[in-house]
Structures are given as structure tokens and as C-alpha cells.
Amino acid sequence: MTTTVPRRVRKSPAATPELPVGLDIASIMPPIPPGADGVSATVAEIAAPRPPSLDSAAPQAAGWVNNRMITHLWSYDSSTGVWVWVDGVGWKRLSPASESGHTHLTALATMATHDNLPVDYHEDASGRIDQLLV
Amino acid sequence: MSPDRPHTSEVAAVRETLSQQGHPWQAAETRMSRLSAEWRAARLGVPAPSAAEIAAREGQPEAMAAAAQSADIALPAKFDLRDVGGRTYVTGVRDQGGCGSCVAFGTVAAMESTAAFTRSAPGLSLDLSEAHLFHVHAKARGYTCGSGSWPDDLFADTAAIGVTFEDYFPYNDAGTGAPNADWPNRLAKSVDVTDLTANPAAIKAHISTYGAVATCFVVYDDFFHYRSGVYRHTTSSVAGGHCVALIGWDDAAGCWIGKNSWGTGWGDGGYFRIAYGDSFIEDYPEPRPTVFGVKSVTIKAWLPAQRALRLFATANDANGWAYLQNFGWAHLAGGPATTTNKLAELTHARASGHLVTPYINGTELSTVLVAD
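Residues numbered from 1 in each chain as written. Chains lettered and ligands numbered in written order. Predicted model: local features only at pLDDT ≥ 70, side-chain atom pairs only at ≥ 80, totals over all residues. Heavy atoms only, no water.

Undergrad: Lay out the packing of aromatic side chains with the relevant residues and their values.
TA: All names here are of chain B. Counted under the stated rule, the structure contains 27 aromatic pairs over all chains. Ring plane angle 35 degrees and centroid distance 5.6 Å describe the contact between F155 and F292, whose orientation is recorded as tilted. Separated by 137 residues along the polypeptide, F155 in helix α7 (residues 151-160) and F292 in strand β10 (residues 291-302) bring together distant segments of the chain. Accessibility classification places F155 together with F292 in one group, the buried group. Members of the aromatic cluster, connected to one another through ring pairs, are W25, F217, F223, F224, Y226, Y231, W262, W266 and F272. Here the guanidinium or amino end of R82 rests over the ring plane of Y271, the centre of that ring lying 4.3 Å away. A cation sits over an aromatic face here: R186 above Y168, 5.6 Å from the ring centre. (Phe/Tyr/Trp six-rings, centres within 6.5 Å; stacked < 30°, edge-to-face > 60°. Helix = DSSP H or I, 4+ residues; strand = E, 2+ residues; numbered from the N terminus. Buried < 20%, exposed > 50% of the residue type's maximum accessible area, 1.4 Å probe, protein only. Lys NZ or Arg CZ within 6 Å of the ring centre and 35° of its normal.)

See below:
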């Protein structure tokens, strides 16, 4: 008897809720600066990424990045120790600027990961995510 | 002709005049046509201009029309708040009934439009209480249904006191009833009331940037029978003064697009088009200013259940935002812990599609109810 091994089914990003036609997010709070690439990212068939090295050099700041998927989360025993894996980009640390802000970014990143929702995010000068739109 | 339908000959006379002029607009029997002269006048709530004031404005209509046509070239040649990218930022046509409360209706129409347009939220569907504005605020100034009122006074009240929602004080033309005692907690206020009198370019810029504008104009006797087309008065017989909301313009037709408060049985479903300059619509024959808009409208109220379409947070303390489907962006009020709690509820709502019932205070999301 042949056993059929179920193939792994790749989850598709959830449909994005409709926004009002012509909504210009840059014109309302919070502002979204121009310059993002707007390239649609997909969930890549990749091996689970390895946790980031905490002493690695800070990556190049990229400003605003649009429409990316967060596929993995990682945290260590620090109140501001959460990193997220951005598909096609790599590990990004959530900014530790404040504990509550860090928690809020984590909440949004968790939702985005759980529900396969694309995100827009902004990196600070050290390459850490300091603004997140889901 | 039936003796109880004296307006029939009146409408026929207007049609005859229009025919001689090549049918610039269409006249028909409207719900206003069927009213007596006395009841028509009751719906004109701006004190009538004096003959001397009108005489002193000779040449004004031509000057205003020229100014409207030569307005900033950056403005579109045609604009209509009922169709901005396929969405409407104009609330429904109301009926002021037999009371000279038109200024309250024009003012509220401007506020409702601005509240939605400045938030890019056509689903806001704000319905404010003209009764509160007229039967309470205007009355406190000594205005009555018979006296009419002036928009500068009523706009000032919308900024200083605010207007509650229609469900807290439904309108009736008799002025009976009173606002719900909780009205201070269900309130809209005007911000940056702007005088646009005698400046067609500024009127256009305001409509296309912030929303509808309230204006006063002279009503001639033929206006009651307007059905469609671009209105130009065909008689010099003045019935009184009136206030409406301007919601757009059309340079090719040389006209403003207006929203009246005589119900949908008058005009083009309650709307009308009037030639630039006609009837002193950009500058009423009166020394005081008569054209106003507001730059934003703050809201303090529970709003209907809706979806949270986007969430936003930064690394700063207590800086969380939600984009509500029919309101726009709202800041999560309170300190860091409160923001965390709200964000937890909202992430659930955002992900699951559950509706959020928000209590809004300005741009702050004060209280949030998420329910299955």
C-alpha cells in the first residue's frame, strides 16, 4: 500500500480589508512617508530562520518598507527583547525606545504573524522597527 | 384653472418666460409651488434684504461670476461632494418645514459634510440636530421661526457650544421638545469657522479641501418652482432671503451646486444648480458676512459599531492608533497600560473581523467595546 504524505500547504496572506477608495494614508494620522518600494512580498518556502545574534552590527536603516510579511517572532529575557523575521529581509529588532511601545509593537507583530497580515513598517537610524502599521 | 390651484398659472408664467429665454432651466410644480405665499415665506429664514442694499450691489453678480470663472487654475473645473472618487460626502436632504430655520440647516449641512470629508470617511453618516442649533442656540439669541437668523451667529454657537446628534433632539418645525440631558456627551463642534463671503475662489477651495459651505442668497418668486437646470432669476420680485449649503461647482455650466432644505420634493431631488453671481449667492446684500465654512469638526460621542481596518503603534510610550472604518484614525487614549489594553482588544477585533463600538472624544478613542 502506498502512503500518501500530505503536502505542506502554504498559507496565503489573509485578504486585506477594504480601505476607502482613494484613501491617502499620508494625509491623515499617522503619516506614512513616501519612498517605500510597495513590492508585494510572499511567504517564502524557507527553513525556519535562526535567532538573530544580539551583538551583530546594526543593519542599514531602510526608512519605510511596505507590504511585507512577518513570519517568525523571537524574544529573549529582556523587557524590550523582541525580534521579528521579515520575509525577504531578515531579522529586525523592535525598537526598545520604551517598554510600553515595545509591547505595542509586539502585539501588532504577533497579530500580523498569526493572521498572515501584511505590514508596513519604519526603521529607525539603527535599523530597528519603530513604527508598525497592520 | 381650479381656484384651489392658483400656482398653476404662476408656474405657467415662469415656463413661458423661460421658453422665451431658451429654457435656461426647467420649472415645474414643486411641493413649494403648492404652498401659499405666506407659507413659502415662512421657509425663508434669512432676513430679507432692503431695496437699498440690493440697489447698492449693482454689478456685483457680474463681478462674482467673473471671479468664479477665473478662480485658481489649480482647482478642478468641476467638483461635486456627492461624487468624489465615487463616494459621497453629503448627508441626506432634510426638510425644515414651516419654520425659518434654514440657517441652522445650512450650517449643519456644512458641518456634517466637513466631518466626513476631512476624515475621508463617507460612512460617518453624521446626523446633527438642527433643532438643537435653532430651537435652543438661536432661540437664546432671540431668533424665532418668524425672524430667521444669521449664519455668523449660528456658526459661532457651533464652535463655542456645539450641536448634539439628531437622535438626542429630533427636529420639528414647531420647536417642541428638548434635547436629551446627556447632550454634552453626544456633541459635534466646529473648528476654525472661516468667513468666505464675496470670495468665489476661496469658496471653491474650501469646498474641495474641507467640505460644504453655508451661504445666504436672495430668493426670487420663480425659485419656488425650480426643477432642474442652471437657475437664473427671471423676475425681480423678491420673496426673501434663504440659506443653503454649497456642495460643488461646474465651470462649464457656470454654476454652483447647492443642497436645499425643502425636502426632496423640490428641485432636483432637493438639490439645485445656480449661476455664478445670481441672487447674490456669494455675497448677500447685507453688511455682515454671510458665507461660512469650517475646517474641521470634532466629535464626542459613541459611534455605531464598525470594523478596525488598520492598527498602528510606535516605539514611544502610549502611542497606539486605530483606523476605524467610518471614522478614520483615532488615537488610543490613556497612558501606556490603557493603550496596551485597548490594543489587545483591537488586535483581536482587527484579526477576527469583530465589530468595534467606539466612544470618540476629538481624535481620542476613549472607550472601546468589542463584541461578538
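Undergrad: Tell me about the pairing of strand β12 (residues 320-324) of chain B, and please be specific about residues and values.
TA: Residue and element names in this part refer to chain B. The buried fraction of β12 is high, at five of five residues. Of the two faces of β12, the one holding G320, A322 and L324 and the one holding W321 and Y323 are both buried throughout. Across five bridges, strand β11 (residues 308-314) lies against β12 in antiparallel orientation. Across the sheet, F312 pairs through a bridge with W321, a residue of β12. The antiparallel hairpin formed by β11 and β12 contains five residues in its connecting segment, where A318 sits at a positive phi of about 50 degrees. In terms of strand pairing, β12 meets strand β13 (residues 328-332) through four bridges, oriented antiparallel. By the bridge assignment, W321 is partnered in β13 with H331. (Pairing = 2+ DSSP bridges.)

Undergrad: Would you mind going over the side chain of N319(B) in detail, with residue names and values included?
TA: Within the fold, N319(B) resides in the loop between β11 and β12. With relative accessibility at 18%, the residue N319(B) sits in the buried group. Side chain to side chain, N319(B) and T314(B) meet in a polar contact 2.9 Å long. A distance of 2.9 Å separates the side chain of N319(B) from the side chain of W321(B), its partner in a polar contact. Every residue in contact with N319(B), bar those within four places of it in the chain, is listed here: H104(A), F312(B), A313(B), T314(B), H331(B) and T339(B). (Polar contact = N/O pair within 3.5 Å; in protein donor to acceptor, adjacent residues only side chain to side chain. Contact = heavy atoms within 4.5 Å.)

Undergrad: Describe the interface of chain B and chain A, listing the residues and the values that go with them.
TA: The interface is formed by 25 residues belonging to chain B together with 31 residues belonging to chain A. Of the roughly 2,500 Å² buried between chain B and chain A on both sides combined, carbon and sulfur atoms contribute 66%. When the buried area of chain B at its contact with chain A is split by residue, R310(B), F312(B) and A315(B) rank highest and sum to 24% of it. The interface formed by chain B and chain A holds zero salt bridges in total. For the pair chain B and chain A, the interface holds nine residue pairs in polar contact (both at pLDDT 80 or more). When contributions to the side of chain B that touches chain A are tallied by element, the ones reaching two or more residues are β11, β12 and α9 (336-352) of chain B. No other element matches the seven residues that α9(B) contributes to the side of chain B that touches chain A. Split into classes, the residues belonging to the side of chain B that touches chain A amount to 12 nonpolar, eight polar and five charged. Of the pairings in the sheet, the one linking strand β6 (residues 129-133) of chain A to β11(B) comprises three bridges and is antiparallel in character. (Buried area = accessible area lost by both parts, 1.4 Å probe. Salt bridge = Lys/Arg side-chain N within 4 Å of Asp/Glu carboxyl O. Nonpolar A, V, L, I, M, F, W, Y, C, P; charged D, E, K, R; others polar.)

Undergrad: Account for the pairing of strand β3 (residues 82-86) of chain A, with residues named and values stated.
TA: Residues and elements named next belong to chain A. Counting buried residues in β3 gives five out of five residues, a clear majority hidden from the surface. Here five bridges tie strand β2 (residues 70-75) to β3, and the two strands are oriented antiparallel to one another. Each bridged residue has a counterpart across the sheet, and for S75 the counterpart in β3 is V82. In this structure, the hairpin formed by β2 and β3 is closed by a connection of six residues. With four bridges joining them, β3 and strand β4 (residues 90-93) adopt antiparallel strand pairing.

Undergrad: Report on the state of the cysteines, specifying residues and quantitative values.
TA: Residue and element names in this part refer to chain B. Evaluated as defined, the whole model comprises one disulfide over all chains. Each sulfur in the disulfide pair C99 and C145 lies 2.0 Å from the other. Handedness here is read from the sign of the S-S torsion; for C99 and C145, about -90 degrees, the answer is left-handed. Of this pair, C99 sits in the loop between β2 (78-80) and α5 (102-117) while C145 sits in the loop between α6 (130-140) and α7, and the two are 46 residues apart along the sequence. Here C102 stays free of any disulfide, with the sulfur of C243 as its closest cysteine sulfur at 5.5 Å. Left without a disulfide partner, C243 is nearest to the cysteine sulfur of C216, which lies 4.4 Å away. (Disulfide = S-S within 2.5 Å.)

Undergrad: Help me get a handle on the pattern of salt bridges, residues and values and all.
TA: Opposite charge on two side chains permits pairing when their charged atoms draw close. Residue and element names in this part refer to chain B. Counting across every chain of the model gives 18 salt bridges over all chains. Where R31 meets D95, a salt bridge forms, and the shortest distance between an N and an O atom there is 3.0 Å. Placement of the pair is R31 in the loop between β1 (25-27) and α2 (37-42) and D95 in the loop between β2 and α5, with a sequence separation of 64 residues. The salt bridge involving D153 is made with R141; its shortest N-O contact spans 3.2 Å. On the criterion of sequence distance, the pair formed by D153 in helix α7 and R141 in the loop between α6 and α7 is long-range, its members being 12 residues apart. By relative accessible area, which is 16% here, D153 ends up buried. Given the relative accessible area of 39%, R141 is considered partly exposed.

Scope: geometric values only; no functional claims are made or implied.
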